[in-house]
Amino acid sequence: MTQRPRDPDTNGARPSSDRQDASTRNTPPAAAPVAAPAATPLGALFHASPMAIAFTVDRVFHEVNDSLCALSGYRRDELIGRSTSLLYGSQAAYATVGEAGYAAVAADGVARMQGQLRRKDGQILDIALHLAALTPGDLANGVVGSILDNTAQQRAQALLRARAEISEAVAAGDRDALLHSTLREALALTRSTTARFAWGGAGGETPAVAWAVSAPDGGLCTGVGDDGATDGETAADDALARCRRRSAAAARTGAAVGLAQRGPPARDRALAVPLPQDAAGTAVLAVADKEAVYLGDEAELLRELVSMAADGLEALRARAALHASEADLRAAETRLRVALDGAGLGLYEVDLVTGEADVDERYLSQLGLSRADAVTVERWTDLIHPDDREPLQGAAADAFAGRVTELDTEYRMRHADGGWRWIMDRWRVYARDEHGTLLRVAGVHLDITARKQAEERLAELNRTLEARVAEQTAELRSQAEQLRALANQLTRSEQRERKRLASILHDHIQQLIVAAKMQVGRLTRNADQARQRAAAQGAEEVLEEALAACRSMAVELSPPVLHESGLGGGLKWLATRMHEHHGLTVRLWADTGAEPADEEVSVLLFECARELLLNVAKHAGVAQAEAALTRRNGTEMQLSVADAGVGFEPAELKALRPEEMSFGLFSIQQRLAHLGGRMDLESAPGRGTRVSLVVPVAEGAAVAEGTAGAPTAPSPAPITTRRRPLCRVLIVDDHQIVREGLAGLLQVEPDIDVVGEAADAEQALALATEREPDIVIMDINLGAGMDGIEATRRLCAQHAEITVIGLSMHADQQIADAMRAAGAVAYVTKGGPPEDLISAIRTHADRRGP
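Undergrad: Which residues make up the overall build of the chain, and what values do they have?
TA: Along its length, the chain carries 23 helices and 25 strands. Here the chain, with 850 residues, has 43% of them falling under the buried criterion. Within the chain, residue pairs in contact and separated by at least 24 positions form 60% of the contacts whose partners lie at least 6 positions apart. Taken as a whole, the chain presents about 44,300 Å² of accessible surface, with 54% of it coming from carbon and sulfur.

Right, dumping it as structure tokens:
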């Protein structure tokens, strides 16, 4: 058997250049110095061993068993012929084994080392590595290596070490040492470079934060408090920013965030683990910048570590609280003595075994007794008023039976002068034996005779007024309920009528006008005689004017933006409307978290805002106002309208009777009262007016996403005039006459082919799959069920190759933005020129390419 000369620097391994070449080969060398283990009598044991084993020559894999493949994540054909550096955590570790490990094998025949193994998926395992020459004393014939995964043991030792260090820090009262140990072990357990620990923060206050970052020299940079958070941290991509984002998500959900998912690794490359939801307190431990994805067992390690740290912090807090409580106890004893003196409370303690009582001077004085008068259970019973003994005996029986442990009662006792005194008695059981037998009770004693006499006199006075007050209260309550019901009914009736009129205008009149306009447009495009074209153009202009009037009426009656974009969008529309029609500039601020969940509340606040802004425009004498929609303390919603105008005296308004008050303010007050809200008014002559409408937030109402700050949709691309390929179009509209008009308008175009018509969203989705159109013309309102915005969102998700163009009667920008956000590439109004729709179709058909 031929033996190769060994390189003295690598103890039998080839020079580094040879190893590098070997690592890129896909097949074993042409001639190995010895047979692989599979050809030896121990081959079966080699492959059946549960321990990972590899046979290498010149540090190149010649044979591996299934256990090594399972441990490393590589297939056998991916390992054989490759350099062993493939499985090392770093080139430094590879060089260390090549020098120290192979030197030990050459000297002693075997080497035992601790190291790390890098799996195919990037995960690093702690291993015990044993190396032995296949032929003793001759490394050139190959080396057999066995690998034992001891990651779990190393992690367990790290957790034990962390627990010990945290316990020592608690014993020493050193919080910084506790945090340092927690962060250091978190980095070691997950092999990360950055860690962040946040604790506390219950009840809305800002949590405390500690962080650690691995330094290039192997050290650890740590800090407590400021972790670099800024107003723009959501856009930051450094490791601590990723830890903050993950920590916030974990705190909200109560579960680990950042674990490996199917598909590509998460961009954040960070893992955050909170305390269990049933644990006392709040804490989140986050790590970032591990080279591989984070796994579930690492989340469990961090969960145990964060629990230990939280327990340690709680122990430190309890220790500090104990020292403080000792001082507080001494101060409380002093305050108790002063309080008892000030309140006139008498103290007593009763030994139920002997029947004797120990009482103080105030107790004795309340009954006119002295120290010479022995107070026993029997004597106390004799002093009780006969009518009050039975209830007290029942309470005493409950105490002896263990059913109650305290009593708060009032009864009468005989004074030494022969009269009766009312006594307030509060006592508690504080001693029982091992069998539950009652031994001792203690309590306080207060003479309340004067209070009882005053109560009797007051009761006598109330008897004469009770009947009249009850009668008037019932009458006022009935009137108030009727008024509130009437105001609420008026609101609902008004809104129903507005919607009904808007529906008639939109679903019937406007659709007929649009259909007629399309037919006229079709005539003008196909007519050859100038006189016909002029007549048709005139008719089109008249229809355009009628359509504009109908649209204006529909918007005025029931602004569609209020129902499509919520109260925030409705207020934006109202501000624009006030400027256009009344010259009033409204500065609006709408909190995105203040969107009402109930449409009735949205409509009410919108109508109130319109009424208040109209009052400003008519009476304030200014050209500017402010409006704000906010959420207060999570329980109330507030709409405020303010101006710096002439103002008025609020007392004069309060003095007016309801019938003398303007219906606008009176209606607002009554409708708010029906919802449990209120109207706050601040004004003074010459100093402007502020009206605040406050309504309660329904419990469990979801916070809607506001429309403020929504990104502006991109403008459509320029129109080109080159020859176009045939474009397949699907029309979606709930009115048949409109569909027919659109189809007739588009079919005359030589490069447009209408392949289908759909009356609702479900039919549109089905036809899109069946007919495979290039472009879908989508109406916003599709009757009952799914609207055009949701249909567009689903269509774009299912068919990315299909282009959607929105089409609606509404010209509001908010609705157009919502349609584009759902995936539409353009938005065209039905009242516009037919050329706008045709141009949009051709523009986006051209973008598909030939």
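Undergrad: Help me get a handle on the sheet that holds strand S5 (residues 138-149), residues and values and all.
TA: The 5 strands are arranged S2-S1-S5-S4-S3 in an open sheet whose pairing can be described as antiparallel. Of all strands in the sheet, those with a lone pairing partner are strand S2 (60-64) and strand S3 (110-118), marking the two edges. Pairs of neighbouring strands in the sheet enclose a mean axial angle of 35°, with direction left out of account. Relative to S2, strand S1 (residues 52-57) is paired through 4 bridges, and the arrangement is antiparallel. Within S2, the residue paired with Phe55 across the bridge is Glu63. Each of S1, S3, strand S4 (124-135) and S5 touches helix H5 (residues 91-108); the most contacted strand, S3, lies at about 155° to it.

Undergrad: How would you summarise the packing of aromatic side chains if you had to cite specific residues and measurements?
TA: Tallying each qualifying case throughout the model produces 5 aromatic pairs. Ring geometry for Tyr88 against Tyr94: centres 5.3 Å apart, planes inclined by 75°, an arrangement best described as edge-to-face. Each member of the pair, Tyr88 as well as Tyr94, carries the same accessibility label: buried. The interplanar angle of 90° and the centroid separation of 6.1 Å between the aromatic rings of Trp380 and Tyr411 together place this pair among those described as edge-to-face. With Trp380 in helix H11 (residues 377-383) and Tyr411 in strand S13 (residues 406-414), the pair connects residues that are 31 residues apart, well separated along the chain. Here Trp380 falls in the partly exposed class, since its relative accessible area comes to 26%.

Undergrad: Which residues make up H5, and what are the values?
TA: Between its first and last C-alpha, H5 extends 25 Å over 18 residues, near the 26 Å set by a 1.5 Å rise per residue. Along H5, the sharpest kink reaches roughly 25°, centred on Val97. Just downstream of H5 lies Gly109, where phi reads positive at about 90°.

Undergrad: Any chance you could break down the confidence of the model for the chain for me, citing the residues and the numbers?
TA: In this model, the chain carries an average pLDDT of 79, and 78% of its residues clear a pLDDT of 70 or more. Here residues 1-34 is modelled with pLDDT under 50, and outside its nearest four sequence neighbours on either side it reaches 60 contacts, counting other chains as well. For residues 700-724, every residue scores under 50 in pLDDT, and the model assigns this stretch 32 contacts once sequence neighbours within four places are set aside.

Undergrad: Account for the packing of helix H6 (residues 151-172) against helix H7 (residues 175-190), naming residues and giving values.
TA: Running from N to C, H6 and H7 point in directions that differ by 170°, and their axes come no closer than 8 Å. In terms of orientation, H6 and H7 fall into the roughly antiparallel class. Judged by residue contacts, Arg155, Ala158, Leu159, Arg161, Ala162, Glu165, Ile166, Ala169 and Val170 of H6 engage Ala177, Leu178, Ser181, Thr182, Arg184, Glu185 and Leu189 from H7.

Undergrad: Please set out the packing of helix H20 (residues 761-771) against helix H21 (residues 788-798) residue by residue, giving values where relevant.
TA: Remark: H20 packs on H21, axes separated minimally by 10 Å, with the N-to-C direction vectors making an angle of 20°. The orientation of H20 with respect to H21, classified from their angle, is roughly parallel. Remark: the crossing between H20 and H21 carries right-handed chirality. Together, Ala761, Leu765 and Ala768 of H20 and Ala791, Arg794, Leu795 and Gln798 of H21 make up the contact between the two elements.

Undergrad: Break down empty space enclosed by the protein for me, with residues and values.
TA: Per the counting criterion, the structure on display carries 9 cavities of 30 Å³ or more. Its volume calculated, the largest cavity comes out at about 230 Å³. Forming the walls of the largest cavity are 17 residues, and the residues nearest its centre are Phe61, Thr84, Tyr88, Leu129 and Ile147. Only S1, S3, S4 and S5 provide two or more residues apiece to the lining of the largest cavity. Residue composition of the lining of the largest cavity, grouped by class: 12 nonpolar, 4 polar and 1 charged. Approximately 80 Å³ is the volume attributed to the second largest cavity.

Undergrad: Please give an account of unusual backbone geometry that cites residues and values.
TA: Residues other than glycine seldom take positive phi values, yet Arg59 does so here, at roughly 60°. Assignment of secondary structure puts Arg59 in the loop between S1 and S2. For Arg59, a relative accessible area of 3% translates into the label buried.

Undergrad: Would you mind going over the pairing of S3 in detail, with residue names and values included?
TA: One ladder, built from 9 bridges, connects S3 with S4; its direction is antiparallel. Looking across to S4, one finds that Gln116 is bridged to Asp126. Linking S3 to S4, which pair antiparallel, is a turn of 5 residues; within it Gly122 sits at a positive phi near 95°.

Undergrad: Report on the environment of Asp238, specifying residues and quantitative values.
TA: Checked against the element boundaries, Asp238 lands in the loop between strand S8 (220-224) and helix H8 (239-253). On a C-alpha basis, the gap between Asp238 and Ala288 in space is 9.4 Å, while along the polypeptide they are 50 residues apart. Among the polar contacts made by the side chain of Asp238, one reaches the main-chain amide nitrogen of Leu240 at a distance of 3.2 Å.

Undergrad: Kindly report on helix H9 (residues 296-343), identifying the contributing residues and their values.
TA: The periodicity of an α-helix, 3.6 residues per turn, causes residues three or four positions apart to be oriented the same way. Helix length check: H9, at 48 residues, gives a terminal C-alpha distance of 61 Å against a target of 70 Å (1.5 Å per residue), a shortfall beyond 12%. Immediately beyond the C-terminal end of H9, within one or two residues, lies Gly344, with a positive phi of roughly 70°.

Undergrad: Just give me the short version of the side chain of Asn65, but keep the residues and values in it.
TA: Positionally, Asn65 belongs in the loop between S2 and helix H3 (66-72). Residue classification places Asn65 among the buried positions, given a relative accessible area of 0%. A polar contact is formed between the side chain of Asn65 and the backbone oxygen of Phe46, at a distance of 3.1 Å. One polar contact links the side chain of Asn65 to the main-chain amide nitrogen of Ile53, over a distance of 3.0 Å. Leaving out residues up to four positions away in the same chain, Asn65 has contacts with Phe46, His47, Ser49, Met51, Ala52, Ile53 and Arg76.

Rules used throughout
Residues numbered from 1 in each chain as written. Predicted model: local features only at pLDDT ≥ 70, side-chain atom pairs only at ≥ 80, totals over all residues. Heavy atoms only, no water. Helix = DSSP H or I, 4+ residues; strand = E, 2+ residues; numbered from the N terminus. Buried < 20%, exposed > 50% of the residue type's maximum accessible area, 1.4 Å probe, protein only. Contact = heavy atoms within 4.5 Å. Areas by Shrake-Rupley, 256 points an atom, 1.4 Å probe, with all protein chains shown as cover. Pairing = 2+ DSSP bridges. Axes fitted to C-alpha atoms, helices over the stretch in contact; angles between N-to-C directions. Phe/Tyr/Trp six-rings, centres within 6.5 Å; stacked < 30°, edge-to-face > 60°. Expected span 1.5 Å × (residues − 1). Bend = angle between axes of the 7 residues up to and from the residue. pLDDT = per-residue confidence, 0-100. Parallel < 35°, antiparallel > 145°, perpendicular 65-115°, else oblique. Left-handed = near helix turned anticlockwise from the far one by under 90°. 1 Å grid on protein atoms, 1.4 Å probe; cavity = no way out; pocket = protein on both sides within 12 Å on 5 of 7 lines; lining within 4 Å. Points joined across faces, edges and corners; volume = space filled by probe spheres on them. Nonpolar A, V, L, I, M, F, W, Y, C, P; charged D, E, K, R; others polar. Polar contact = N/O pair within 3.5 Å; in protein donor to acceptor, adjacent residues only side chain to side chain.

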